[in-house]
Amino acid sequence: MAASTERQPDMGAVNAGVSSTRAASSAPPLALRILAECPVSKARACDLTLPHCTVNTPVFMPVGTQGTMKGITSDQLAELGCQICLGNTYHLGMRPGPELIEKAKGLHNFMNWKNNLLTDSGGFQMVSLVALSEVTEEGVRFQSPYDGKEIMLSPEQSIAIQNSLGSDIMMQLDDVVSSTITGPRVEEAMKRSIRWLDRCIAANKNPDRQNLFAIIQGGLNAELRKACLEEMTKRDVPGFAIGGLSGGEAKDDFWRMVTLSTDYLPRTKPRYLMGVGYAVELVVCSALGCDMFDCVFPTRTARFGTALVPWGSLPLKKKQFAKDFQPIDPDCHCPTCERHTRAYLHALFKCDTAAMHHVTIHNITYQLSLMQAVRTSILEGRFPEFVRTFMRRMYPSQETYPSWAVEALASVNITLD
Amino acid sequence: MRLELCRVLQQCRRGVLLDLGNSGVHSLELPGCLLYTRCGTVPHLTHHTLSTLKHLPAATQLTLDSLGEHQEVLEEFQEGVRRFAGLNDTLLFCSLHDSAVHHPPGYTTNKTVSVWGSGGRMELTVAQYMALQKAIRPNWYQSMADGETRQLNPARKRVCKAVDRTLSHLDECLSLHFKTEELSGAEIFGVVEGGDVSEERVRSARETAKRPVGGFVLDGFHTAAMSQELRSQLITAVVKELPENKPRILLGVGHPEEVLACVEAGIDLFEGFFPFQVTERGCALSFSYTLDPNPERTVFERNGSEVEEIPQHRENETQENWEQMTRFEINLKDKRYQDDFRPLVVGCGCYCCRSHQRAYLHHLLMTNELLAGVLLMVHNLEHYCGFFCSLRGALESGRLDAFKRMVLHGRV
Ligand SMILES: [Zn+2]
Ligand SMILES: [Zn+2]
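Residues numbered from 1 in each chain as written. Chains lettered and ligands numbered in written order. Predicted model: local features only at pLDDT ≥ 70, side-chain atom pairs only at ≥ 80, totals over all residues. Heavy atoms only, no water.

1. With respect to the overall build of chain A
For step 1, the next point in the chain: Looking only at helices and strands, one finds 18 helices and 16 strands in chain A.
For step 2, the next point in the chain: Against the compact-globule benchmark of 22 Å for 417 residues, chain A has a radius of gyration of 21 Å, which places it among compact chains.
For step 3, the next point in the chain: Once the C-alpha set of chain A is aligned to its principal axes, its extents read approximately 60 × 50 × 50 Å.
For step 4, the next point in the chain: The proportion of buried residues among the 417 residues of chain A is 60%.
For step 5, the next point in the chain: Counting contacts in chain A only where the partners sit at least 6 residues apart, residues at least 24 apart contribute 66% of the total.
For step 6, the next point in the chain: Looking at chain A as shown, the accessible area adds up to about 15,600 Å², and 53% of this sits on carbon and sulfur atoms.
For step 7, the next point in the chain: For chain A, the distance from the average site of its 42 positive side-chain charges to the average site of its 43 negative ones is 3 Å. (Helix = DSSP H or I, 4+ residues; strand = E, 2+ residues; numbered from the N terminus. Rg over C-alpha atoms; globule rule 2.2 N^0.38 Å. Buried < 20%, exposed > 50% of the residue type's maximum accessible area, 1.4 Å probe, protein only. Contact = heavy atoms within 4.5 Å. Areas by Shrake-Rupley, 256 points an atom, 1.4 Å probe, with all protein chains shown as cover. Lys, Arg positive; Asp, Glu negative; His and termini not counted. Charge placed at Lys NZ, Arg CZ, Asp CG, Glu CD.)

2. Points about the overall build of chain B
For step 1, the next point in the chain: When helices and strands are counted, chain B shows 16 helices and 16 strands.
For step 2, the next point in the chain: Principal-axis analysis of the C-alpha atoms places the extent of chain B at approximately 60 × 45 × 45 Å.
For step 3, the next point in the chain: Taken across its 412 residues, chain B has 62% of its residues classed as buried.
For step 4, the next point in the chain: Of all intrachain contacts in chain B linking residues separated by at least 6 positions in sequence, the fraction that spans at least 24 positions is 68%.
For step 5, the next point in the chain: Across chain B, 44 positive and 53 negative side-chain charges occur, with their mean positions spaced 3 Å apart.

3. A closer look at the nonpolar core
For step 1, the next point in the chain: Ranked by size, the top nonpolar core spans 160 residues in total, and within it B:Leu218, B:Phe270, B:Phe387 and B:Phe403 carry the most contacts.
For step 2, the next point in the chain: Broken down by element, the residue count for this core peaks at 15 residues, all from helix H15 (residues 370-396) of chain B.
For step 3, the next point in the chain: Inspection of this core shows a minimum of three residues originating in each of domain 1 (2-272) and domain 2 (285-311 + 324-404) of chain B.
For step 4, the next point in the chain: Look past the residues within four positions of B:Leu218 in its chain and what remains in contact with it is B:Val192, B:Ile235, B:Val238, B:Leu242, B:Arg248, B:Ile249, B:Leu250, B:Leu251 and B:Ile267.
For step 5, the next point in the chain: A:Ala36, A:Leu370, A:Met371 and A:Tyr395 belong to the second-largest nonpolar core, a separate cluster that totals 59 residues. (Core = buried A, V, L, I, M, F, W, Y, C linked by side-chain atoms within 4.5 Å. Domains from an automatic or database assignment.)

4. Looking at the coordination of the zinc ion (ligand 1)
Six octahedral donors around a metal ideally subtend angles of 90 or 180 degrees, whereas four tetrahedral donors ideally subtend 109.5 degrees.
All names here are of chain A.
For step 1, the next point in the chain: Around the zinc ion (ligand 1), the donor atoms from the protein are Cys332 (SG), Cys334 (SG), Cys337 (SG) and His362 (ND1), and they sit 2.1 to 2.3 Å away.
For step 2, the next point in the chain: Note that the zinc ion (ligand 1) binds four donor atoms; their angles at the metal cover 101 to 118 degrees, and the shape is tetrahedral.
For step 3, the next point in the chain: Here the donor residues of the zinc ion (ligand 1) share one chain and are spaced in sequence as C-x1-C-x2-C-x24-H. On the criterion of sequence distance, the pair formed by cysteine 337 in helix H14 (residues 335-339) and histidine 362 in helix H16 (residues 354-379) is long-range, its members being 25 residues apart.
For step 4, the next point in the chain: Cysteine 337 gets classed as buried once you look at its relative accessible area, which sits at 8%. (Donors = N, O, S within 2.8 Å, 3.2 Å for Na, K, Ca; no water. Tetrahedral: all angles 85-135°; square planar, octahedral: opposite > 155°, others 65-115°.)

5. Quick look at the coordination of the zinc ion (ligand 2)
Residue and element names in this part refer to chain B.
For step 1, the next point in the chain: All of the protein donors around the zinc ion (ligand 2) are Cys348 (SG), Cys350 (SG), Cys353 (SG) and His379 (ND1); their distances to the metal are 2.1 to 2.3 Å.
For step 2, the next point in the chain: Taken together, the four donor atoms coordinating the zinc ion (ligand 2) span angles of 101 to 116 degrees at the metal, a pattern that classifies the geometry as tetrahedral.
For step 3, the next point in the chain: Mapped onto the sequence, the residues coordinating the zinc ion (ligand 2) show the spacing C-x1-C-x2-C-x25-H.
For step 4, the next point in the chain: Judged by its relative accessible area of 0%, cysteine 350 falls in the buried class.

6. Considerations on the UniProt feature "binding site: Zn(2+)" (unreviewed entry) in chain B
Residues and elements named next belong to chain B.
For step 1, the next point in the chain: The sites that carry the UniProt feature "binding site: Zn(2+)" (unreviewed entry) are, in the present numbering, Cys348, Cys350, Cys353 and His379. Across 32 residues, the annotated set stays spatially compact, with a maximum C-alpha separation of 8.3 Å.
For step 2, the next point in the chain: Of note, cysteine 348 is situated in the loop between strand E16 (329-331) and helix H13 (351-355).
For step 3, the next point in the chain: One can find cysteine 353 in helix H13.
For step 4, the next point in the chain: Its relative accessible area of 9% is what places cysteine 353 among the buried residues. (UniProt positions renumbered as here; feature names shortened; annotations may be inferred.)

7. Overview of the environment of A:Glu223
For step 1, the next point in the chain: Relative to the elements of secondary structure, A:Glu223 occurs in helix H10 (residues 222-232).
For step 2, the next point in the chain: Separated by 110 residues in sequence, A:Glu223 and A:Trp113 have C-alpha atoms that sit 41 Å apart.

8. Topic: the domain arrangement of chain B
Residues and elements named next belong to chain B.
For step 1, the next point in the chain: Structurally, chain B comprises domain 1 (2-272) and domain 2 (285-311 + 324-404).
For step 2, the next point in the chain: The gap between the C-alpha centroids of domain 1 and domain 2 is 28 Å.
For step 3, the next point in the chain: Counting residues at the interface gives 31 residues for domain 1, matched by 27 residues for domain 2.
For step 4, the next point in the chain: Roughly 2,600 Å² of surface becomes buried between domain 1 and domain 2 when both sides are summed, with 73% attributable to carbon and sulfur atoms.
For step 5, the next point in the chain: Across the domain 1-domain 2 interface, the total number found is eight residue pairs in polar contact (both at pLDDT 80 or more).
For step 6, the next point in the chain: Those elements giving two or more residues to the side of domain 1 that touches domain 2 turn out to be strand E2 (12-20), strand E3 (26-30), strand E4 (32-33), helix H1 (47-50) and helix H9 (256-265).
For step 7, the next point in the chain: Among the elements that take part in the side of domain 1 that touches domain 2, H9 stands out by supplying six residues, more than any other.
For step 8, the next point in the chain: Of the residues that constitute the side of domain 1 that touches domain 2, the class distribution is 16 nonpolar, seven polar and eight charged. (Buried area = accessible area lost by both parts, 1.4 Å probe. Polar contact = N/O pair within 3.5 Å; in protein donor to acceptor, adjacent residues only side chain to side chain. Nonpolar A, V, L, I, M, F, W, Y, C, P; charged D, E, K, R; others polar.)

9. Thoughts on the interface of chain B and chain A
For step 1, the next point in the chain: Counting residues at the interface gives 41 residues for chain B and 39 residues for chain A.
For step 2, the next point in the chain: Between chain B and chain A lies a buried interface of about 3,500 Å² when both sides are counted; carbon and sulfur atoms form 60% of it.
For step 3, the next point in the chain: In this structure, the connection of chain B to chain A is made through four salt bridges.
For step 4, the next point in the chain: Among the salt bridges present, the one from B:Glu369 reaches A:Lys70, with a minimum N-O distance of 3.4 Å.
For step 5, the next point in the chain: For the pair chain B and chain A, the interface holds 18 residue pairs in polar contact (both at pLDDT 80 or more).
For step 6, the next point in the chain: Secondary-structure elements contributing two or more residues to the side of chain B that touches chain A are H1, helix H3 (71-77), H13, helix H14 (358-366) and H15 of chain B.
For step 7, the next point in the chain: Among the elements that take part in the side of chain B that touches chain A, H14(B) stands out by supplying five residues, more than any other.
For step 8, the next point in the chain: A per-class count over the side of chain B that touches chain A returns 19 nonpolar, 16 polar and six charged. (Salt bridge = Lys/Arg side-chain N within 4 Å of Asp/Glu carboxyl O.)

10. Comments concerning the sheet that holds strand E10 (residues 140-142) of chain B
Residue and element names in this part refer to chain B.
For step 1, the next point in the chain: Strand order in the open sheet formed by nine strands is E4-E14-E13-E12-E11-E10-E7-E6-E5, with parallel pairing between adjacent strands. Two strands close off the open sheet at either side, each with one partner strand: E4 and strand E5 (35-36).
For step 2, the next point in the chain: Sheet topology places E4 next to strand E14 (residues 269-270); two bridges connect them, and they run parallel. The partner of cysteine 33 across the bridge, within E14, is phenylalanine 270.
For step 3, the next point in the chain: Packed on one face of the sheet, helix H6 (residues 156-177) meets E10 and strand E11 (187-192) and runs near 175 degrees to E11. (Pairing = 2+ DSSP bridges. Axes fitted to C-alpha atoms, helices over the stretch in contact; angles between N-to-C directions.)

11. Re the pairing of strand E16 (residues 312-315) of chain A
All names here are of chain A.
For step 1, the next point in the chain: Bridge analysis of strand E15 (residues 306-309) against E16 gives four bridges, and the strand direction is antiparallel. In the sheet register, threonine 306 faces E16, and the bridge partner there is proline 315.
For step 2, the next point in the chain: Connecting E15 to the antiparallel partner E16 that follows it, the hairpin turn spans two residues.

12. Quick look at the UniProt feature "binding site: substrate" (unreviewed entry) in chain A
Residue and element names in this part refer to chain A.
For step 1, the next point in the chain: The UniProt record annotates "binding site: substrate" (unreviewed entry) at Asp120, Ser121, Gly122, Gly123, Phe124, Asp174, Gln217 and Gly244.
For step 2, the next point in the chain: Examined against the element boundaries, aspartate 120 turns out to sit in the loop between strand E6 (116-119) and helix H7 (123-129).
For step 3, the next point in the chain: Residues in contact with aspartate 120, not counting those within four places in the same chain, are Gly87, Asn88, Thr89, Tyr90, Gln125, Gln162 and Met171.
For step 4, the next point in the chain: Topologically, glutamine 217 is positioned in the loop between strand E11 (211-216) and H10.

13. A few points about the side chain of A:Ser377
For step 1, the next point in the chain: Within the secondary structure layout, A:Ser377 lies in helix H16.
For step 2, the next point in the chain: If near-sequence neighbours (up to four positions away) are discounted, A:Ser377 is found in contact with A:Arg382, A:Phe383 and A:Phe386.

This is the structure in structure tokens:
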């Protein structure tokens, strides 16, 4: 369905300003409706309307790399309440390739997914997965791991693939550098990412049905981040991602860059914090004003037998669970917890892949219900109390709270008792 | 348990088993197949994906191969595998081996048999075998048996010994069975052995039939062991010795052509491992089995040609795949399906065919994605169970010959 029919006619005061600055350009297929803002912190609860459905934020987006959510069917994923998930442009561009997906009438259709899709630019995967890659002004040059052919991924190429995939949100190609690198390369990457953003905007063939998000770069350098924010927010893009983080940098640097970014990002547009997915990070960064998150961790760890619970995690393959006849989390209402015990899952991991599917279903449910709880508490005006309860449950004592989380929360006036 | 035969044609039986299970509420249509599981789970499937299937068998098969290593856990759990595995209210049949797995020969002794789990081999005496059944609490289970003749080309003396041992195991199992409170209400199925020696088969059947068993398991007839001609001859000889009012389960045979021949020879129930094996090699069952095509199931009309195409495209397969793959399936890994946007089987109503296309399955297989196994298992199970359902319909309407032509040649 076209977004225009889905979009609420009344965007309220919030969006009025946006459309005026948008001037002549056509409206993007996205509308952000801010429902509540935490009076204490920067947290906010919004309805983000996209071409395939409305997304309730803050939201965690599970990652379905190759056009599938691991062993979960698209029906199961939708039943878990997932409104948006990710596909990886690098993988899908390689196999089955954009031509085939175009023939299949887009990725939604190919994988039979009725809700929204976000695709990355492919740049991150290329730099992290492919040893032989070289970044030039033109784009990222790399050798295909499948046939050895040399391929150039330019901003135009990345957008062309994402146009073929037909995702609801596309990401610009950015010049990715490790978050632990310092020096002139960081500045070069930031400036190049701005130039590439302009090329991506120009290359988007479907601005009426595919949203293009900019990615804020600048490493761990506050001045570079600010410069990037200042420049990118001048562009008329429907949303912003905070990039270049979650790559092994110190947590103290991480949260400072996040909060700096949300300080400068326009209130009226969605903010997507890339690659973040641990429970405590989700809660803290929601407090810092981020709306969208993604991470492979919850589904990956599920396949290795680890179930996420409000007090941490359960490595179900460990012998200690062999005779534990409780569900993973007695308070969880996912299909796995309603039917199976830790002991049965422990046994099943020895012989069948269905064990992974059970834990994947539970972990996705855990992530989605955590974000749902964050949202409800914001809507009900009790987000700070929610954070305190969350921390008490997650950590055995106050002494074990991670100091970065305590400081980050204090920076937005949430004190932990 | 009560067996009602509604139609018998020579040895071929169409019937229904009634008053099954502890509560007596189950019934089982014959001929039929069992639901294949490992550790109480249909491979790749969760309750959600399994429940999308329409023709699920009313009886589920468990194996000691996959459950043996969990004996201690089950004993502590005390409520049996049904509760442990979160199974629906289904009839449970427990067999010794998983027919989808090959076991090395040479591990059967006078007093013991062996099972193979993830932790390796486990040796069981009759007492241990029965303790395991007590922990599992099936509705039906096969008695301990010397199925060693499955593995080798055995000498007559060895065949004779297997029959003797199996009878003596049965007597010991029966004596413990009636002393075990947890197994009251459960039925022991006696195992007929005898390899390819007709006299031994008859002796095994005749002696087993004298015991208070609930039904019969015919062992050692698996696909690699003998030709279908010999299999049919032996089964015919065996069932002559068996009472009419008790069910007969055949182990190790799942191939549709062999199933049809064995039904004609008098078999009531088959294992369900065949659709799983098809799934594991990345294939989808595609043979026609619908005699009366209706708008919803136009399998044979539009898909009939698929079956005949296969021998030619099988030449592109690796030798290994070629040997395993049957002409009842299509290989979704084949490049020809890369841009084929049809469902696996046109007209199939399974979740996979309603939601996805061959090109997507091809992609999932090429990228080793877990969803491939899930979707193929759903389709293959639906197709295989649908085949049995149509087979029963054909028996009722006296059209078995037309049905056989349809399955074997794709046309009536
Ligand atoms: Zn759960
Ligand atoms: Zn199907």
